[in-house]
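Take a look at the letters that make up each chain.
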Number of protein chains: 2
Amino acid sequence: MIRNNVKVVAFDADDTLWVNETYFREAENEFASLLSNYETENKIHQELFKKEIKNLPLYGYGIKGFVLSMMECALEISNGNLPSEILSKIIDIGKDMLDKPVVVLDNVESVLQSLSKKYKLIVATKGDLLDQEKKLKKSGILQYFHHIEVMSEKKEEDYTKLLKHLDIKPKDFLMIGNSLKSDVLPILNIGAQAIHVPFHTTWQYEEVNSNSINEDYITIKSIKHLLNYI
Amino acid sequence: MIRNNVKVVAFDADDTLWVNETYFREAENEFASLLSNYETENKIHQELFKKEIKNLPLYGYGIKGFVLSMMECALEISNGNLPSEILSKIIDIGKDMLDKPVVVLDNVESVLQSLSKKYKLIVATKGDLLDQEKKLKKSGILQYFHHIEVMSEKKEEDYTKLLKHLDIKPKDFLMIGNSLKSDVLPILNIGAQAIHVPFHTTWQYEEVNSNSINEDYITIKSIKHLLNYI
């Protein structure tokens, strides 16, 4: 099912190589409880999500944009009367997130060790540039990768640009990731190959109806099953 | 003075290709005047600079980190009692900065046009990934570049990584930029070549005593003089 001429295997980072979404969920819960005097926590979650999506074209992905969206959302929820202690705590939520330990997911290292002997491996991720580079350094799996590509988006045109930059054809490229929307769908649409490794938690924005995928793709339960396919 | 075997010419972006520092100065002045009830504007500038440098390892370069540092600084200057209107205005300063027009500097386009016929040109810049990509798109000079490299730092090790990634030797690489600290000094130290094109305004953090440079380098008054050297 996977064609044999793969030259570069690219791994998504957050929730594919290491835990990430869990920290965002914790931060959202902390944010909602900070503002629970003003609104129900459910409503706060909804408003924050709306604010994040609205700011995405301006701020892009990553923790810093998320913190700025929390502040703007908090200002609105408090009717323009936000206590400074809450502002200060939001800044701290962001700094804590940027300082989290990197928890590499099960079996990732052994799979990388094995694949790095046969393929050029890269990381292809969204998020804050410095943050992702630091996570890769802290992860202890840096040595398996040729380099890291931090992308501002993961749409078809972004992957096409990446392939041009890597100087390879779509058929030479295999993407591994947890997001159907970002790691699988656009990849199949440009004629490259993808394998889906779900993570237990998915950011609402990354959710996609799998019926909208017209091509075949493989979903594997654990990253260690990768070795059965390439 | 420039060796003839250059394969890749890399341009710094902010204040080399287009205006940038001017917008940061305007933002700093606006910030200082927002808080002028609490402190002298001079003191506010000093405190903001200190906060930015302190947060640099966590936030990296770029507008979003700058906005987060402004907020933290404002909280401290207001003794933990920051009016929400000021917070809201700081958010707006950041959004305005992210939405500024891109003003390409004089003679940049004609120089790129000429050099792109002979060399592979790239952009090598710090800052927010999405923001720099958008500026390059808005600039109208995107077509002269093979691609853009947004770097989390511009130290020797970062340039060494970049050269590995480009698969070229130091002697094949020429860097053009306005910052002695980021665009010239580390480049000379790894045996690559650099030409310095000063901009009238330099961020305090980028200032360097030119006596600390042990190698010869060329400073040109206008980017159009580049064509006299390569």
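Residues numbered from 1 in each chain as written. Chains lettered and ligands numbered in written order. Predicted model: local features only at pLDDT ≥ 70, side-chain atom pairs only at ≥ 80, totals over all residues.

**Here's the deal with the sheet that holds strand 3 (residues 147-150) of chain A**
Strand pairing in a sheet takes place through backbone hydrogen bonds and is either antiparallel or parallel in direction. Residue and element names in this part refer to chain A. Pairing is parallel in the open sheet, where 6 strands are placed in the order 3-2-1-4-5-6. What marks the edges here is a single partner per strand, and that holds for strand 3 and strand 6 (218-219). As paired strands, strand 5 (residues 193-196) and strand 6 are joined by 2 bridges and run parallel to one another. From the neighbouring strand, I195 faces strand 6, where its bridge partner is I218. (Pairing = 2+ DSSP bridges. Helix = DSSP H or I, 4+ residues; strand = E, 2+ residues; numbered from the N terminus.)

**A word on the relation of the copies chain B and chain A**
Between the two copies of the chain lies a relationship made up of a rotation around an axis and a movement along it. For these two chains of identical sequence, chain B goes onto chain A by a turn of 180° and a shift of 0.0 Å along the axis, with RMSD 0.0 Å. Such values leave the two copies arranged in the relation of a two-fold axis. Of the residues that chain B buries at the interface, 100% are likewise interface residues in chain A, meaning the two copies contact each other through the same surface. (Least-squares fit on C-alpha atoms with pLDDT ≥ 70 in both. Contact = placed C-beta atoms within 7 Å.)

**Considerations on the interface of chain B and chain A**
Across the boundary between the two partners, chain B contributes 28 residues, which contact 28 residues of chain A. Of all the elements in the fold, those that place two or more residues in the side of chain B that touches chain A are helix 2 (41-59), helix 3 (63-77), helix 4 (84-98), helix 6 (129-139) and strand 3 (147-150) of chain B. Its residues placed into classes, the side of chain B that touches chain A shows 13 nonpolar, 10 polar and 5 charged. (Nonpolar A, V, L, I, M, F, W, Y, C, P; charged D, E, K, R; others polar.)

**Here's the deal with the sheet that holds strand 5 (residues 193-196) of chain B**
Residue and element names in this part refer to chain B. Strand order in the open sheet made by the 6 strands is 3-2-1-4-5-6, with parallel pairing throughout. The open sheet is flanked by strand 3 and strand 6 (218-219), the only strands paired with a single partner. Summarising the sheet, strand 2 (residues 120-125) and strand 3 pair through 4 bridges and their orientation is parallel. Bridge pairing in strand 3 places T125 opposite V150.

**Regarding the domain arrangement of chain A**
Residue and element names in this part refer to chain A. By domain assignment, chain A separates into domain 1 (8-18 + 103-228) and domain 2 (21-98). Each partner contributes to the interface: domain 1 provides 13 residues, whereas domain 2 provides 12 residues. Looking at the side of domain 1 that touches domain 2 residue by residue, the classes come out as 3 nonpolar, 5 polar and 5 charged. (Domains from an automatic or database assignment.)

**Comments concerning the nonpolar core**
The biggest cluster of nonpolar side chains holds 75 residues, and the ones touching the most others in it are M175 and I176 of chain A together with A10, V123, M175 and I176 of chain B. The residues touching M175 of chain B, leaving out its near neighbours within four places in the chain, are A10, A124, D183, I187, A192 and A194 of chain B. Judged by nonpolar contacts, the second largest core, of 43 residues, contains L34 of chain A together with M70, A74 and I77 of chain B. (Core = buried A, V, L, I, M, F, W, Y, C linked by C-beta atoms within 7 Å. Buried ≥ 20, exposed ≤ 12 C-beta atoms within 10 Å, placed from the backbone.)

**Digging into the environment of P57 of chain A**
Residues and elements named next belong to chain A. Summarising the element assignment, P57 is placed in helix 2 (residues 41-59). Exposure remark for P57: the 11 C-beta atoms within 10 Å place this residue in the exposed category. Sequence separation between P57 and E153 is 96 residues; the distance between their C-alpha atoms is 10.0 Å.

**Looking at the packing of helix 4 (residues 84-98) of chain A against helix 3 of chain B**
Interhelical geometry of helix 4 of chain A versus helix 3 of chain B gives an angle of 140° and a closest axis separation of 11 Å. Between helix 4 of chain A and helix 3 of chain B, the crossing angle belongs to the class labelled oblique. As helix 4 of chain A runs across helix 3 of chain B, the sense of the crossing is left-handed. Taking contact as the criterion, the partners of S84, L87, S88, I91 and G94 of chain A in helix 4 of chain A are, on helix 3 of chain B, L68, M71, E72 and L75 of chain B. Residue classes in the contact of helix 4 of chain A with helix 3 of chain B are distributed as 5 nonpolar, 3 polar and 1 charged. (Axes fitted to C-alpha atoms, helices over the stretch in contact; angles between N-to-C directions. Parallel < 35°, antiparallel > 145°, perpendicular 65-115°, else oblique. Left-handed = near helix turned anticlockwise from the far one by under 90°.)

**Some points on the pairing of strand 4 (residues 173-177) of chain A**
Residue and element names in this part refer to chain A. Strand 4 sits mainly inside the fold: 5 of its 5 residues count as buried. Pairing analysis gives 4 bridges linking strand 4 to strand 5, with the strands arranged parallel. Within the sheet, the bridge partner assigned to I176 lies in strand 5 and is I195. In this fold, strand 4 hands off to helix 8 (residues 180-189), which returns the chain to strand 5; that crossover is right-handed. (Right-handed = clockwise from strand over helix to strand, strands pointing away.)

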